[in-house]
Amino acid sequence: MEQAFQALVVIVLGVGGCIGYFYLSNLLLDRVLCPARGPNMGRNINRASMIRPWLFLFPAIFALGLYLAYPVVATAWMSLQKDGEFVGLQNYSQMVSEPKFWESMQNNILWLIVVPALSTAFGLLAAQLTDRIRWGNIAKSLIFMPMAISFVGASVIWKLIYDTRPVDQAQIGLLNALWLKFEGGFGSTIGLRVIPALLVAVLILAFAYAAWSIARPLLKAGVKPRPVAMIGRLLGVAILLALIWEIVGWLTGVLSNDLPYGQPQTWLSMPYWNSYFLMIVLVWIQTGFAMVILSAALRGVPEETIEAAILDGANPFQIFFRIKVPQIMPTVVVVWTTITITVLKVFDIVLAMTNGQWETQVLANYMYDKLFRSLDWGVGSASAMVIMAMVTPILVWNVISARREMR
Amino acid sequence: MDSIAGKKPALIWAVHISTALLVLLWVLPTLGLLVSSFRTSDQITSSGWWQALSTQESQLPAIRIEGAETESDGLFVIKGNLFETLGGNVSHWGTSSKAPEAYAAGDTADLGDGRSLTVTADGGYALTSSASMADLRLPRVFLTASTPPEFTTENFQNVIASPLAGQSIGQAFLNTLTVAIPATIIPILIAAFAAYALAWMEFPGRPLLIAAIMALLVVPLQLALIPLLQLHNTLGIGKSYLGIWLAHTGFGLPMAIYLLRNYMAGLPREVIESARVDGATDFQIFRRIVLPLSFPALASFAIFQFLWTWNDLLVALVFLGTGNDQQVLTGNLVNLMGSRGGDWEILAASAFVSIAVPLIVFFGMQKYLVRGLLAGSVK
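Residues numbered from 1 in each chain as written. Chains lettered and ligands numbered in written order. Predicted model: local features only at pLDDT ≥ 70, side-chain atom pairs only at ≥ 80, totals over all residues. Heavy atoms only, no water.

Engineer: Explain the pairing of strand β10 (residues 140-147) of chain B to me, please; I cannot follow it from the model alone.
Structural biologist: Looking down a regular strand, the side chains alternate between one sheet face and the other. Residue and element names in this part refer to chain B. Counting buried residues in β10 gives seven out of eight residues, a clear majority hidden from the surface. For strand β2 (residues 63-64) and β10, the ladder comprises two bridges, and the chain directions are antiparallel. Bridge pairing in β10 links R64 to R140. (Buried < 20%, exposed > 50% of the residue type's maximum accessible area, 1.4 Å probe, protein only. Helix = DSSP H or I, 4+ residues; strand = E, 2+ residues; numbered from the N terminus. Pairing = 2+ DSSP bridges.)

Engineer: Can you walk me through the domain arrangement of chain A in this structure?
Structural biologist: Where interface size is given, it is often the accessible area lost as the parts come together that is meant. Once the domains are mapped, chain A shows domain 1 (2-78), domain 2 (95-169 + 267-407) and domain 3 (183-261). Each of domain 1 of chain A and domain 3 of chain A has a C-alpha centre, and these two points are 55 Å apart. (Domains from an automatic or database assignment.)

Engineer: Help me understand the packing of helix α10 (residues 273-299) of chain A against helix α2 (residues 9-37) of chain B, please; the structure alone is not making it clear to me.
Structural biologist: When two helices pack together, their arrangement is captured by the angle between the axes and the distance separating the axes. Packing of α10 of chain A against α2 of chain B leaves a shortest axis separation of 11 Å and a crossing angle of 125°. As far as their axial angle goes, α2 of chain B and α10 of chain A are oblique. Considering only the axes of α10 of chain A and α2 of chain B, their crossing is left-handed. Contacts from V283, W284 and T287 of chain A of α10 of chain A reach α2 of chain B at L25, W26, P29 and T30 of chain B. Grouping the amino acids of the contact of α10 of chain A with α2 of chain B by side-chain chemistry returns five nonpolar, two polar and no charged. (Axes fitted to C-alpha atoms, helices over the stretch in contact; angles between N-to-C directions. Parallel < 35°, antiparallel > 145°, perpendicular 65-115°, else oblique. Left-handed = near helix turned anticlockwise from the far one by under 90°. Contact = heavy atoms within 4.5 Å. Nonpolar A, V, L, I, M, F, W, Y, C, P; charged D, E, K, R; others polar.)

Engineer: Looking at this model, I keep getting lost on the sheet that holds strand β3 (residues 70-72) of chain B. Mind explaining?
Structural biologist: Sheets are built from strands that pair by backbone hydrogen bonding, the pairs being arranged parallel or antiparallel. All names here are of chain B. The strand order β3-β4-β9-β8-β7 describes an open sheet built from five strands, whose pairing is antiparallel. The sheet is open, and its two borders are formed by β3 and β7 (108-112), each paired with just one other strand. The sheet shows a mean angle of 25° between the axes of neighbouring strands, taken without regard to direction.

Engineer: Just checking my understanding: could you explain the interface of chain A and chain B for this structure?
Structural biologist: Counting residues at the interface gives 106 residues for chain A and 113 residues for chain B. Buried area between chain A and chain B, both sides added, is near 10,000 Å², and the carbon and sulfur share of it is 81%. On the surface where chain A and chain B come into contact, there are seven residue pairs in polar contact (both at pLDDT 80 or more). Among the elements that line the side of chain A that touches chain B, the one with the most residues is helix α2 (residues 41-78) of chain A, at 20 residues. Considering only residue class, the side of chain A that touches chain B consists of 81 nonpolar, 15 polar and 10 charged. (Buried area = accessible area lost by both parts, 1.4 Å probe. Polar contact = N/O pair within 3.5 Å; in protein donor to acceptor, adjacent residues only side chain to side chain.)

Engineer: Just to check I follow, could you spell out the environment of I181 of chain B for this structure?
Structural biologist: Relative to the assigned elements, I181 of chain B resides in helix α5 (residues 169-200). Put simply, I181 of chain B and V218 of chain B are 37 residues apart on the chain and 24 Å apart in space, counted from C-alpha to C-alpha. Look past the residues within four positions of I181 of chain B in its chain and what remains in contact with it is I11 of chain A together with F306 of chain B.

Engineer: Before we go on, may I ask you to explain the nonpolar core in this structure?
Structural biologist: Taken as a class, soluble globular proteins show a tendency for nonpolar side chains to be buried jointly. W111 of chain A together with F319 of chain B are the most contacted members of the largest nonpolar core, which totals 204 residues. With 19 residues, the top contributor of residues to this core is α5 of chain B. Counting residues in hydrophobic clusters, the runner-up holds 16 residues, among them L82, L117, M133 and L143 of chain B. (Core = buried A, V, L, I, M, F, W, Y, C linked by side-chain atoms within 4.5 Å.)

Engineer: Hey, could you run me through the domain arrangement of chain B in this one?
Structural biologist: Under the domain assignment used here, chain B contains domain 1 (2-52), domain 2 (56-147) and domain 3 (157-377). In this structure, domain 2 of chain B and domain 3 of chain B have C-alpha centres spaced 61 Å apart.

Engineer: Is there a simple way to think about the pairing of strand β9 (residues 124-129) of chain B in this case?
Structural biologist: Residue and element names in this part refer to chain B. With five of its six residues buried, β9 lies for the most part within the structure. Of the pairings in the sheet, the one linking strand β4 (residues 75-81) to β9 comprises six bridges and is antiparallel in character. Residue pairing in the sheet places G80 in a bridge with Y125 of β9. As defined by bridge partners, strand β8 (residues 115-119) adjoins β9 across four bridges and the pair is classed as antiparallel. Across the sheet, residue L117 finds its bridge partner in β9, namely L127.

Right, dumping it as structure tokens:
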């Protein structure tokens, strides 16, 4: 009861305080400091209109400065200190000597590639499918729903799916129940070897095709692309080649590995793959977001371009990949970067499901460990700076596009 | 677009089926937990939630026969039904844990000493004896029975009323509400004024400020934790509600200003300029014209901020204490996952208490949420 009362008081004080501040400061400006009358009326009006924007902006600038800008500087400074003394880059060198840090980096890079890619792909698929049917809006709202669920809630939900119980008891986790349906017979060969192998092969071909179409303008002689575009393309090709490299390993694995049929698996402690099981949770949450935005973008594609393509005899797949997707590319980039930022900050899912055990650590949780469990503020701040460094390209890109818009 | 698919019924069917599959895939996880939260712990551990609606054949815990005996023709008989409230269908039964399926329904088992037991398919039993059984320990019965689906709201009652792991979910619910509401309202006001200034006032440095806000939009709040905690400790705020309200206000501001400015900049210029010509001050224009017109944007930001503060874990862990009067739902849930990780009935019910409010907000105000997302991302 007491805290409800406290909250109420704070709401009244906060709201009243804000309104009072804005009202009184404007009153003060108009009546006392620069009254719009008397001999200096003209000068006073000009002066008042110079000061007023800052009255409107002051609380926001103060809060932003204190709660976001100052901490960045303070964290940077703290990462160079140990126990209150300046130690230069010692925290950083200590951090890079820890294997857990490199594990986090490796996992984070994997998260950064897989989650935005899958969420955007599923989002695009869902947007395209739901736009064409009558019950599309209901479908959309159901796919969008996980967005409202907290990361911790989602972790509980998915932990039930990944649940494992001893071999002689009934499996209550959906994944294990499905897994135990496979017994190594003909159906298992089809379901767990042939189909996955085909899917992986298709994925490899798709990546190879994408890499080729990104690289094609670079290989063309005579045309000089802009340096920024060139770097972007090279980066894209590099990422795709890395992915292909990773996935070719899966292909051989799928075909040759011995699968432990009949054994319930502890999915979350399965090295390497457990990171993917955690990523699925975030993909599940973020797909709805991607879908909503991409669906709006798809609806904005000019009808004439599609009609022209139909007249030219394009099939639905060609229309989608050749006409629609290229036109919504800017939106895809926005969605991708927004999800990338979310991924960089992902912390709750890892904390709640594995707490970074079994090689699932990520940077944000590593940092939390350092700051609040080991109480090593130097190394913790250093790892926070690593996260900051990873968002900096997006930050710069954001600022550049904001400036372009202003012009 | 319909025209393309309309010509090919096969394709339209493919679209329907793939959409249905996708939706199923997305709903199934939540549904699983929801169903589990309405089952007893015995049911949860004995079968998967997807079997909750079908009749289950399973071994029930042992039941000891009890009751008063009646005497007729020199035989002492105890009669009754093993299913107390819910019905069921016995297929096999036994009298020892070593052979729980020794007899079929309707069989009569000889227990020695002139006693015999019959259990019928509907759970009725008859224990007969040639001597009085008043002082004897009566036998236990192990049933293998198919029980009809059964759901209970007991989990929710338990979770809300009684404290688990030292903290009650009901209290945590109140705490979360205490965090979320002021942390939603206060930034809106501050941001609205700033957004108006950035959208409709001319002053030097405006582009620079907008660029700065775009930059702050992506700054990870991880960087802010330690310096701000230090600051709060120095100011004497420490770990308290005041601290977390301030923190959420600061962290929510860039998004709020960005969304509101985008919306306000799109308002018709003539309206604002004619008001200016009529001699309205900026404060009046803001209060009488811009604020009411911006209601959709204000609503969509309010929903975002509410969902974000309600669902947040990290900020609460850092800026609030872990005592009973400060623990929020997400923090409580993480604790439960650690300490009661196997008790799915508790976890499921607690999780649903914590996600119920966001889901209601989500389904009730989806329109504004979508509008806000689009305003923030598509130009």
